[in-house]
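# Understanding the architecture of this molecule
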Amino acid sequence: MVGIIDTTFRDAHQSLIATRLSIRDMLPIAEKMDKIGFYSMEVWGGATFDAPLRFLREDPWERLRVLREKIKKTKLQMLLRGQNIVGYKHYPDDVVEKFVELAYKNGVDIFRVFDALNDVRNMRTAIKKAKEVGAEVQGSICYTTGKVFTLDYYTGKVDELIGLDIDYITIKDMAGLLNPQTTYEMVKEIRARYGIKVNVHTHATSSLASATYLKAVEAGADLIDTAIYPLANGTAQPAIQSLYYMFKEKDRPKVDMNIIYEISKYLRDILEKEYDTFLSKKALHGDPNVLIHQIPGGMYSNLISQLKEMKALDKLDEVLEEVPRVREELGYPPLVTPTSQIVGVQAVLNVLFGRYRITIKELRNYIKGMYGEPPAPIKGEIKKLILGEEEPITKRPADLLEPMLDKARRELEEKGYLKKEEDILTYCIFPQVALEFFKYRDGGN
C-alpha cells in the first residue's frame with residue numbers, strides 16, 4: 001500500500017499561485033490535514049522561505065513553528081537545495097549546518113535534499129547534519145532527459161547517496177518529464193538492486209503523472225507526492241482525489257477522503273476570494289509540450305515575465321527553441337533552481353542580442369564550476385568564450401567559501417535587528433530582503 005506525501009502547503013501553491021498561500025489561510029485546515037493519514041506533509045523549503053519574506057511579510061520560521069503546533073501526528077518535511085539551502089547560490093558549511101539544526105528544532109522531521117546538478121558533493125553537508133540531529137533524509141535525484149541520462153547514470157547517483165546513509169531515494173521530476181515505462185524501470189531497478197525505499201515526485205504538467213504514479217506503485221514505490229484539488233494538477237502535483245480511485249480498492253492509500261473533500265471545498269472558496277489574481281490559466285492547464293522543450297512551469301512563467309518586461313513576448317517560441325541548445329552546450333544541467341534561471345536568462349539574451357554576445361555573471365560562475373560539476377562536459381568553445389584561458393575549479397565549490405555566521409551575527413547586532421538565532425540564517429541567505437522584513441517587523445514601513 002503506497003504512502004502519500006501531501007504537497008498542498010508547499011509545492012502545490014508554489015506551482016499554481018506563485019507561492020502566495022499565506023499562513024493565515026493554512027491554519028484553519030491544518031488540524032484537519034493532520035487527521036487525513038498522510039505519511040508526511042511538505043510544508044516548507046523551496047520558495048516558501050523567500051516568498052513569505054518578500055511578498056507576504058511573514059517570518060518563514062514562524063510559519064514552520066505554528067504549523068508544527070497544529071500538526072502533531074503527521075511528519076513535516078522540507079525541500080532543501082543542498083548547499084544552496086533555500087537560496088540561489090552556495091553558502092558555507094557553517095550556514096548549512098546551522099540551518100538544518102534550527103529547521104529540525106522548529107519542526108522539520110524529514111529533509112528532502114537535492115542538488116541542481118545532481119552533484120552529490122553539494123548535498124553531503126546537509127545530509128550529514130540532518131542525520132546527526134535525528135531527522136529522516138530523502139536523498140533526491142533530479143530527473144531529466146538527454147544523451148547522458150541513462151539508467152546507469154541514475155543508479156550511479158543512488159550509489160553515492162546510499163554511501164551517505166540516507167533513509168530513502170526520491171526521484172524528483174520537477175518538470176513532469178517522467179513517463180510510466182521509464183518510471184517502472186527506474187523504481188524496479190533501485191528497489192531490486194539496493195532494497196531502499198523509493199519515493200516518486202512528479203508534476204502533472206505533461207498529463208503523464210497519474211499513469212506514471214500507477215506504474216511506480218506497480219514497480220514497488222513506497223511513497224508518491226500528491227496535492228489536494230483545487231491546489232493540484234496543471235503544473236502542480238496530481239490530485240489525491242483522482243489518484244485514490246485509480247488504485248484497486250485493496251491497494252488504496254489509507255487516507256480519509258471525507259476530510260479531503262471538506263478541505264477541497266475550503267480551498268476552492270479561498271482561491272476564488274483571495275488568490276484569483278495569481279491563478280494562471282497556463283499553470284492550471286499544464287503543457288504536454290514540456291516533453292519537447294523540457295521547461296518546468298515556474299521557469300516558463302519566468303521566461304514570459306522576462307520577455308514582457310523587455311517588450312519581446314513575440315520572441316517566446318525562439319526562446320523555447322534556444323533553451324535546449326543552451327542546455328546541451330552547458331553540459332545538460334537539469335532545469336531546476338538555480339540552473340533553470342541561468343539557462344533561461346541566457347537563452348533570452350541569446351535570442352535578443354545574438355548568441356553569447358551578452359552573458360550573465362551567473363553563467364560565468366557556472367562554467368567556472370562554482371555550482372558544481374555538470375552531468376556532461378561543457379562545450380569547449382563556450383568555455384573558452386566565457387573563461388578565456390582561466391581553468392574551472394575541480395573541488396567542491398563550498399570549500400572556497402569563508403564561514404558567515406559570526407560576521408552575520410555581529411552585523412545584525414550592530415543594526416539592532418537580532419531577535420533570535422533564526423534571524424541570522426535569514427540574513428545570511430537573503431540579506432537585503434531580511435533587513436527590509438526586520439524593519440517591518442520592528443514597526444517600520
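Right, let's walk through the structure included here. Sequence positions are assigned chain by chain, starting from 1 and proceeding in written order. With pLDDT at 70 or above as the cut-off, local features in this predicted model cover only qualifying residues; side-chain atom pairs require 80 or more to be listed or tallied, and sums for whole chains, interfaces and linings still use all residues. The side-chain figures draw on all heavy atoms in the structure; neither hydrogens nor water molecules are used.

## Some details on the overall build of the chain
Runs of H or I in DSSP of at least four residues are treated as helices and runs of E of at least two as strands, each being numbered from the N terminus. What the chain contains, in helices and strands, is 21 helices and eight strands. Computed over its C-alpha atoms, the radius of gyration of the chain comes to 21 Å, within 12% of the 22 Å expected for a compact globule of 445 residues. Seen through its principal axes, the chain has C-alpha atoms that stretch 65 × 55 × 45 Å. Buried residues are those whose accessible area, probed at 1.4 Å on protein chains only, stays under 20% of the maximum for their type, while exposed residues exceed 50% and partly exposed ones sit between those limits. The buried share among the 445 residues of the chain stands at 58%. Taking as baseline every contact in the chain between residues at least 6 positions apart, the subset at least 24 positions apart corresponds to 75%. Accessible surface area values rest on a Shrake-Rupley calculation with a 1.4 Å probe, where residue burial reflects the displayed protein chains alone. Surface exposure of the chain reaches about 18600 Å², of which carbon and sulfur atoms provide 49%. His is not counted here, nor are the chain ends, while Lys and Arg score as positive and Asp and Glu score as negative. A charged residue contributes its charge at one atom only: NZ of Lys, CZ of Arg, CG of Asp or CD of Glu. Taken together, the 64 basic and 65 acidic charged side chains of the chain have centroids lying 1 Å from each other. Note that the radius of gyration is over C-alpha atoms, with the globule rule given as 2.2 Å times the number of residues to the power 0.38. Whether two residues are in contact is decided by their heavy atoms, any of which lying within 4.5 Å being enough.

## Concerning the layout of surface pockets
Taken as a whole, the second largest pocket spans an internal volume of roughly 330 Å³. In this structure, the second largest pocket is lined by 13 residues; those nearest its centre are Lys-89, His-90, Asn-365, Tyr-371 and Leu-401. Here the residues of the lining of the second largest pocket sort into seven nonpolar, two polar and four charged. Of the grid points, spaced at 1 Å and generated over the protein atoms alone, those admitting a 1.4 Å probe that cannot get out make up cavities, while open sets with protein on both sides within 12 Å along at least five of seven lines make up pockets; any residue with an atom within 4 Å of a point is treated as lining. Grid points are joined across faces, edges and corners, and a volume is the space filled by probe spheres set on the points. Three classes are used: nonpolar for Ala, Val, Leu, Ile, Met, Phe, Trp, Tyr, Cys and Pro, charged for Asp, Glu, Lys and Arg, and polar for all others, with Gly counted as polar.

## Structural notes on the side chain of Thr-7
Along the polypeptide, Thr-7 turns up in the loop between strand 1 (3-6) and helix 1 (8-16). For Thr-7, a relative accessible area of 0% puts it in the buried group. Discounting chain neighbours no more than four positions away, the residues touching Thr-7 are Ala-12, Glu-42, Asp-225, Thr-226, Ala-227 and Gln-237.

## Observations regarding the pattern of salt bridges
Any Lys or Arg side-chain nitrogen located within 4 Å of an Asp or Glu carboxyl oxygen qualifies as a salt bridge. Counting across every chain of the model gives 40 salt bridges. The shortest N-O distance in the salt bridge between Lys-70 and Glu-31 comes to 3.8 Å. Linking Lys-70 in helix 4 (residues 60-70) with Glu-31 in helix 2 (residues 23-34), this pair joins segments that are 39 residues apart in sequence. Assessed through its relative accessible area of 32%, Lys-70 is described here as partly exposed. Looking at Glu-31, the relative accessible area reads 44%, which means it is partly exposed. Asp-225 is the salt-bridge partner of Arg-112, the closest N and O atoms lying 2.8 Å from each other. Residue Arg-112 is found in strand 4 (residues 110-113), and its partner Asp-225 is found in strand 8 (residues 223-226); the two are separated by 113 residues along the sequence.

## Points about helix 5 (residues 93-106)
For helix 5, built from 14 residues, the straight-helix expectation of 20 Å at 1.5 Å per residue is met to within 8% by its first-to-last C-alpha distance of 20 Å. Asp-94, Val-95, Val-96, Phe-99, Val-100, Leu-102, Ala-103 and Asn-106 are the residues of helix 5 that are buried. Each helix should span, by expectation, one fewer than its residue count multiplied by 1.5 Å.

## Here's the deal with helix 17 (residues 361-368)
Because each turn of an α-helix spans 3.6 residues, side chains separated by three or four positions in sequence point in the same direction. Within helix 17 the residues assigned to the buried category are Leu-363, Tyr-366 and Ile-367. What you see down the axis of helix 17 is that its buried residues fit within an arc of 95°, all on one side. At its buried positions, helix 17 is contacted by helix 16 (339-353) and helix 18 (380-387). Arc definition: directions from the helix axis to the C-beta atoms.

## Some details on a nonpolar patch on the surface
A cluster of nonpolar side chains, Met-310, Phe-353 and Ile-358, forms an exposed patch at the surface whose accessible area comes to about 250 Å². Within the element layout of this structure, Ile-358 appears in the loop between helix 16 and helix 17. Residue class for Ile-358 comes out partly exposed when judged on its relative accessible area of 39%. Patch membership requires more than 30% relative accessible area and the absence of a salt bridge. Residues of like charge join within 9 Å; the nonpolar side chains Val, Leu, Ile, Met, Phe, Trp and Tyr join within 5 Å.

## Remarks on the sheet that holds strand 7 (residues 197-201)
Taken in spatial order, the eight strands close into a barrel running 1-2-3-4-5-6-7-8, and their pairing is parallel. With direction set aside, neighbouring strand axes in the sheet form an average angle of 30°. Strand pairing requires that DSSP identify at least two bridges connecting the strands. Note that strand 6 (residues 168-172) and strand 7 share five bridges and pair parallel. In the sheet register, Ile-169 faces strand 7, and the bridge partner there is Val-198. Axes here refer to lines fitted to C-alpha atoms; in helices the fit is confined to the stretch in contact. Angles between the N-to-C directions go from 0 to 180 degrees. Against the sheet, helix 1 contacts strand 1, strand 2 (40-45), strand 3 (75-80) and strand 7, and its axis sits at roughly 60° relative to strand 2.

## Let's talk about the side chain of Thr-212
With respect to the helices and strands, the residue Thr-212 is situated in helix 9 (residues 209-218). Not counting chain neighbours up to four residues away, the residues in contact with Thr-212 comprise Leu-178, Asn-179, Pro-180 and Thr-183.

## Quick notes on the packing of aromatic side chains
Note on aromatic pairs: the rings of Phe, Tyr and Trp (six-membered ring only in Trp) are paired at centre separations within 6.5 Å, and the planes decide the class, stacked below 30 degrees, edge-to-face beyond 60, tilted for the rest. Going through the model one piece at a time under the given rule, you end up with 19 aromatic pairs. Relative to Tyr-154, the ring of Phe-149 has its centre 6.2 Å away and its plane inclined at 25°; by these criteria the two rings are stacked. For Phe-149, a relative accessible area of 11% corresponds to the buried category. Seen from their ring centres, Tyr-366 and Tyr-371 are 6.4 Å apart, and the 45° between their planes marks the pair as tilted. Overall, Tyr-366 belongs to the buried group, its relative accessible area being 1%. Counting every residue linked through ring pairs, the aromatic cluster contains Trp-44, Phe-49, Trp-61, Tyr-88, Phe-99 and Phe-430. The aromatic ring of Phe-55 is capped on one face by Arg-20, whose charged end is 3.9 Å from the ring centroid. The rule for a charge over a ring is simple: NZ of Lys or CZ of Arg within 6 Å of the ring centre, and within 35 degrees of the ring normal. The ring of Tyr-184 has Lys-215 sitting right over it, with the charged end atom 4.8 Å from the ring centre.

## Comments concerning the pairing of strand 2
Of all six residues in strand 2, six are buried; the element is thus mostly enclosed. In this sheet, strand 2 lies alongside strand 1 in parallel orientation, the contact comprising two bridges. Across the sheet, residue Ile-5 finds its bridge partner in strand 2, namely Ser-40. Bridge analysis of strand 2 against strand 3 gives five bridges, and the strand direction is parallel. By the bridge assignment for strand 3, Glu-42 is matched with Gln-77.

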